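Structural characterization, general
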Amino acid sequence: MLRLLERLQDEITALDARSLRRRRQIAETACAPEQILTLAGATAPRTMLGFSSNDYLGLAAHPALAEALAEGAARYGTGSGGSHLILGHSRAHAQLEERLGEWMAPHIPDARSLFFCTGYMANLAVLSALGDGEAVIFSETLNHASLIDGARLARARVERYPHCDLQALDAQLAACDAPVKIIVSDAVFSMDGHIAPVAGLLALAEQHDAWLVIDDAHGFGVLGATGRGALQALALRSERLVLIGTLGKAAGVSGAFVAAHRTVIDFLVQRARPYIFTTAAPPAVAHALLTSLALIEGEEGMRRRAQLRARITQLRNGLKQMLPADGSAWLADSPTAIQPLIVGDNARAMQTMERLDAHGLRVGAIRPPTVPAGTARLRIALSASHTEADVARLIGALGEALAEPWPEAA
Ligand SMILES: *Cc1c(COP(=O)(O)O)cnc(C)c1O
């Protein structure tokens, strides 16, 4: 074998040996709790009940959104034809940005928004543009990979602060005399489900004259009375806030936005390379997102958020009663749709996943490096489209899976 190929193959083999090799499944049908999937290595598809999507409101396969996407394609075609600054910026993109700016106006004075192809790109854009060579970025330890990569791309120095530790962050900010300080945190931690102390972070940002960049990927659509996310839920307002919301999770489509004071947005249009040097998303996507926003803030969104809350309560109450008494598996303290069941060992996480598989259930096993070593977990993600019976099935199957004896560790 070519020497260069051999090096790569060795790494893959090593991952396999440590139960860390990732494999993909193929979805044969639309995103929904019950889905026909072809699992890695399998030849025949199976119908599975899934608890791993980020489609928290169950909008990803909503007929009104499919219809809006088709209508958008009929009106604007499929391709945008260029980047936003050249000719790819359509009326649909402009309408969506205007709408999202209005949504965030109660929380950010003079708010505007900017639409991105993905949340990953929005995070690269914000941190690399604001984090110039004179800046220092204060980054929460459990931040999403896209924020970590954004901080790497920035010319700013990066300091990590301990998870949710406002005191430590306060001391770090006080010791820093950089002219630009940027605090950056997930609003809802994606592998843990709990909510960051955003009000405390904002108080520190005010005290130390810093920006506060909040990634609300898992809060947008879900948190807050009308689904505007963490800022609405926590009733925060400040010119220092730079909010990233993603539109491929609860919003059920694709893309992301940055909302901030108009000067920040004007600056990003000039300086954010992941905005400037890429083809604008299809206008039809922006067109569909306008319908998604209407669903999220309307009666249907209200109903779906209430359903999701009911499923969260059901799962937490049910699991607490059946978890092993020896403490070998425990439920993270999470109020959101993300409900991790921590089992510790990588192989045990994989085995639990396989045992659930035998029941026709799909739950993602999350292992290092996505989570810290020794905290491998099943990341149970609930959706408004899960029924009470779906969640009862998961609780029952998990009870059986965890009660079975484990093979001796290899
Ligand atoms: C999913 C996610 C992103 C990336 O968003 P995409 O639109 O999927 O690229 C960014 N931040 C967090 C916290 C996420 O969970």
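Preceding this paragraph is the structure being described.
All of the points below concern the structure found in this document. From a predicted model like this one, the values you see are computed outputs, not experimental measurements.

A count of helices and strands for the protein gives 14 helices and 15 strands. Taking 22 Å as the expected radius of gyration for a compact globule of 410 residues, we find that the protein reaches 22 Å, a close match to that expectation. Taken along its principal axes, the extent of the C-alpha atoms in the protein is 60 × 55 × 55 Å. When the 410 residues of the protein are sorted by exposure, 53% land in the buried category. The contacts of the protein with a sequence gap of at least 6 include a subset with a gap of at least 24, amounting to 70%. When the accessible surface of the protein is totalled, it reaches about 18,300 Å², and 54% of it is carbon and sulfur.

Around the ligand, the structure places 14 residues, and the nearest of them are Gly 119, Tyr 120, Asp 215, His 218 and Lys 249. The backbone of Gly 119 places a nitrogen or oxygen atom 2.7 Å from an oxygen atom of the ligand. Against a free-state accessible area of 380 Å², the protein chains account for coverage of 82% of the ligand. Counting residues per element, the shell around the ligand draws most heavily on helix 4 (residues 119–130), which supplies three residues. Of the residues in the shell around the ligand, the class split is two nonpolar, nine polar and three charged.

Spatially, four strands are ordered 1-2-3-13 in an open sheet, and the strand pairing comes out mixed. Each having just a single partner strand, strand 1 (26–27) and strand 13 (361–362) make up the two edges of the open sheet. Strand direction decides the pairing type here: strand 3 (residues 46–50) and strand 13, joined by two bridges, are parallel. From the neighbouring strand, Leu 49 faces strand 13, where its bridge partner is Leu 361.

The next point concerns the pattern of salt bridges. Here the structure, examined in full by the defined rule, presents 18 salt bridges. Measuring nitrogen to oxygen at the nearest pair gives 3.6 Å for the salt bridge that ties Arg 23 to Asp 16. Residue classification places Asp 16 among the partly exposed positions, given a relative accessible area of 36%. A salt bridge links Arg 316 to Asp 333; its shortest N-O distance comes to 3.8 Å. Linking Arg 316 in helix 12 (residues 299–322) with Asp 333 in the loop between strand 11 (330–331) and strand 12 (338–344), this pair joins segments that are 17 residues apart in sequence. Salt bridges sharing partners connect three or more residues here, namely Arg 99, Glu 102, Arg 228 and Glu 297.

Reading the values: rules and limits
- Residues numbered from 1 in each chain as written.
- Predicted model: local features only at pLDDT ≥ 70, side-chain atom pairs only at ≥ 80, totals over all residues.
- Heavy atoms only, no water.
- Helix = DSSP H or I, 4+ residues; strand = E, 2+ residues; numbered from the N terminus.
- Rg over C-alpha atoms; globule rule 2.2 N^0.38 Å.
- Buried < 20%, exposed > 50% of the residue type's maximum accessible area, 1.4 Å probe, protein only.
- Contact = heavy atoms within 4.5 Å.
- Areas by Shrake-Rupley, 256 points an atom, 1.4 Å probe, with all protein chains shown as cover.
- Near = heavy atom within 4 Å.
- Polar contact = N/O pair within 3.5 Å; in protein donor to acceptor, adjacent residues only side chain to side chain.
- Nonpolar A, V, L, I, M, F, W, Y, C, P; charged D, E, K, R; others polar.
- Pairing = 2+ DSSP bridges.
- Salt bridge = Lys/Arg side-chain N within 4 Å of Asp/Glu carboxyl O.

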